[in-house]
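Read off the chains here:
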Amino acid sequence: MKRSAGVLLLLLLVLPAHAARPYRGGVVAAAYPEASGAALEILDRGGNAVDAAVAAAFAAGVVGPYHNGIGGGGFALVARPGKETLALDFREVAPAAATRDMFLRDGRPVPGLSTDGGLSVAVPNAVNGYLALLERAGSLPRPVVLAPAIRLARAGFVVTPKYRQVVAQRLECLRRSPEAARTFLRLGPDGTPGVPPLGTRIRQPDLARTLQRIASEGASVLRAGPVARAIVQTVREDGGILSEEDLRSIQPRWRAPLQGSYRGHRLAVFPPPSGGGIITLQTLGVLERLRPEGWKRRDPTDLHLYLEALRRAYFERAQLVGDPGQVDVPAERLISPGHVAELAASIDPRHATPSSALQAAPGGTGSAGASQPEQKHTTEVSVLDRAGTAVALTTTINGWFGSCLVARGTGVLLNDEMDDFSVQPGVPNLYGLVFGERNSIAPGRIPVSSMAPTVVFQEEHPDRVLLALGASGGAYIPTGVLQVLTNVVDGRLNLPAALAAGRVHHQWMPDVVSVNPEALDPPTRAALEAMGHTFQVVDGPLGDVEAVMEDPRTGLRTAASDPRNEGAALGQP
Ligand code: DON
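Within every chain, residues take consecutive numbers counted from 1 along the sequence as written. This being a predicted model, a pLDDT of at least 70 is required before a residue's local features are given, and a value of 80 or more before pairs of side-chain atoms are given or counted; all residues contribute to the totals for chains, interfaces and linings. With hydrogens and water stripped out, all remaining heavy atoms of the structure feed into the side-chain values.

Trainee: Give me the lowdown on the state of the cysteines, citing residues and values where you can.
Mentor: The criterion for a disulfide is a pair of cysteine sulfur atoms lying within 2.5 Å. Under the defined criterion, the tally for this structure stands at 1 disulfide. Here Cys-173 is linked by a disulfide to Cys-404, with a sulfur-sulfur distance of 2.1 Å. With the S-S dihedral at roughly 120 degrees, the linkage between Cys-173 and Cys-404 falls on the right-handed side. In this pair, Cys-173 sits in helix α7 (residues 171-175) while Cys-404 sits in the loop between β14 (390-396) and β15 (454-457), placing the two residues 231 residues apart along the sequence. Cys-404 carries the same exposure label as Cys-173, and that label is buried. Runs of H or I in DSSP of at least four residues are treated as helices and runs of E of at least two as strands, each being numbered from the N terminus. Exposure classes here rest on a 1.4 Å probe applied to the protein chains alone. A residue is buried below 20% of its type maximum, exposed above 50%, and partly exposed in between.

Written out as structure tokens, the structure is:
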């Protein structure tokens, strides 16, 4: 005992900053400590990575209601040793009554209509997704997996400075919904609902009851019956078009992950309707092809290639990705070696290509609004269990507090995922992303997403997971994933250092490179400016990455949660 305590103390003293604690058992990283705690509790009860990830996702929805929850949707990848990797798409769809121009009046988008209130709500699909994952690849009974979330909803979470900040930004929207105001706000001295004081406990007894019902009855709770009716009523009273039939008919979809490789590592990424996976594979493909012998990481020439690859990949995503069930998405062609070679060949090694020189999205002005800093309304949960199964699960209600509507008596906060469509082709969404016709609104259609759960396999043992990761942050998601991945594979950084490194982002439109203040030294930035790149320094996180990893040599595991946020990484000894 004494000796191991001594070793531990020594380790703590000698571990450099950013060194991760190594674990022999399962590891988890998530954007909330309570969510990571829920996952660890489930692993300790003998659950596998799927049980743990689903427990964490339910728990994250309770303690981070402004980012995610059972009123939203998401994607998950499940990598299992010796079996094929699973991809589950449980993203929301447009209600059956949705129309292409529903957010336009006199031919122009109405501000706020696709982000606040009834019309912004797409058909929730998260519960269907979480429970489909459990059924197919989990091992514990539903009530066990939901127990931590139910407990947290009853006990409540404590208002932090961040909660106050987020609420302040969405105050008007939240005040419009009496149920949301009752749950998430507190009456001020003047008698109007306002930002709750620090330390206030936000209990969600209605949500606890709904979760309890889901634990005993399953996904049918959101398909029909009182909870489903309350959701539809609340949305319709606020001018929305959701119907009970929409809730009854929505399904999660098992898809084949897209496969790729990078420097000897096999990769599984999320297919359309995610645009993130294609961006990841295209960018890595271009880098592998164009980097000269002896290239140096993060020198101006290498960063230029990275930025030009991103410009092209985000451009193609904007034009060509859509709901694969409704539009023809040439995913395999986009990631094929021939096409990646064409993208690479179009890059001028010395000069930035103006984004406007790539053919613009229909109706695109080429001057889309700047991407917003400090966007992280989504949650990533990454888990690797003792047996080597890994889950990367990203889930969201889109904007902060989604639509701001809480369905009466149920605690279910509804998403505003309709804003992920091109409200009008060429008009930027919340994340400054500009899309074309393929992502226009149609009944039952899935909006394109940036969410990019990703699994990288070991070079030495192609069946074992090296890295499972994902991110939140809207348009910043793919670049967050890409940089952590390359920091590990090329830079050989340990996981916390790979997450802590400054980030560099380009998304085609707006034509600007976003960087963290610490990302580039002045000479590197000057060299890139001389090539024609324009910069904006973002004093925010540029995405929140959550990742788990196994060391191929030792088999030891590490987990890391983005140091710019409030998440936590935990593991089993
Ligand atoms: O699916 C998407 O791309 C967006 N709804 C994700 C939103 C998001 O990450 C917001 N967070 N920061």
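Once you've had a look at it, read on.
Trainee: Now, about the environment of Thr-410: what can you tell me, with residues and values included?
Mentor: By the secondary structure assignment, Thr-410 is in the loop between β14 and β15. On the basis of relative accessibility, which here comes to 4%, the residue Thr-410 falls in the buried class. Between the C-alpha atoms of Thr-410 and Val-381, which are 29 residues apart in sequence, the distance is 25 Å. Residue contacts are counted whenever heavy atoms from the two residues lie within 4.5 Å of one another. In this structure Thr-410 touches Asp-206, Leu-207, Thr-210, Val-227 and Ala-230, once residues within four positions along its chain are discounted. Polar contact is the term for a pair of N or O atoms within 3.5 Å; when the atoms are in protein, one must be able to donate a hydrogen and the other to accept it, and sequence-neighboring residues count only if both atoms are side-chain atoms. In terms of polar contacts, Thr-410 uses its side chain to reach the backbone carbonyl oxygen of Ala-407, at 2.7 Å.

Trainee: Explain the site of the ligand to me, and be specific about the residues and the numbers.
Mentor: Throughout this document, a residue counts as near a molecule or strand when at least one of its heavy atoms sits within 4 Å of that molecule or strand. Around the ligand, the structure places 16 residues, and the nearest of them are Thr-378, Glu-417, Asp-420, Ser-449 and Ser-450. At a separation of 3.1 Å, an oxygen atom of the ligand approaches a polar side-chain atom of Arg-91. At a separation of 2.7 Å, an oxygen atom of the ligand approaches a polar backbone atom of Ser-450. Burial of the ligand by the surrounding chains reaches 99%, relative to a free accessible area of 330 Å². The Shrake-Rupley method, run with a 1.4 Å probe, gives the accessible areas here. Residue values count only the displayed protein chains as cover.

Trainee: Pulling in residues and values, what's your account of helix α10 (residues 226-237)?
Mentor: A helix is expected to span 1.5 Å for every residue after the first. For α10, built from 12 residues, the straight-helix expectation of 16 Å at 1.5 Å per residue is met to within 8% by its first-to-last C-alpha distance of 16 Å. Within the span of α10, buried status applies to Val-227, Ala-228, Ala-230, Ile-231, Val-232, Thr-234 and Val-235. For α10, the elements touching its buried residues are α9 (205-217) and α11 (244-249).

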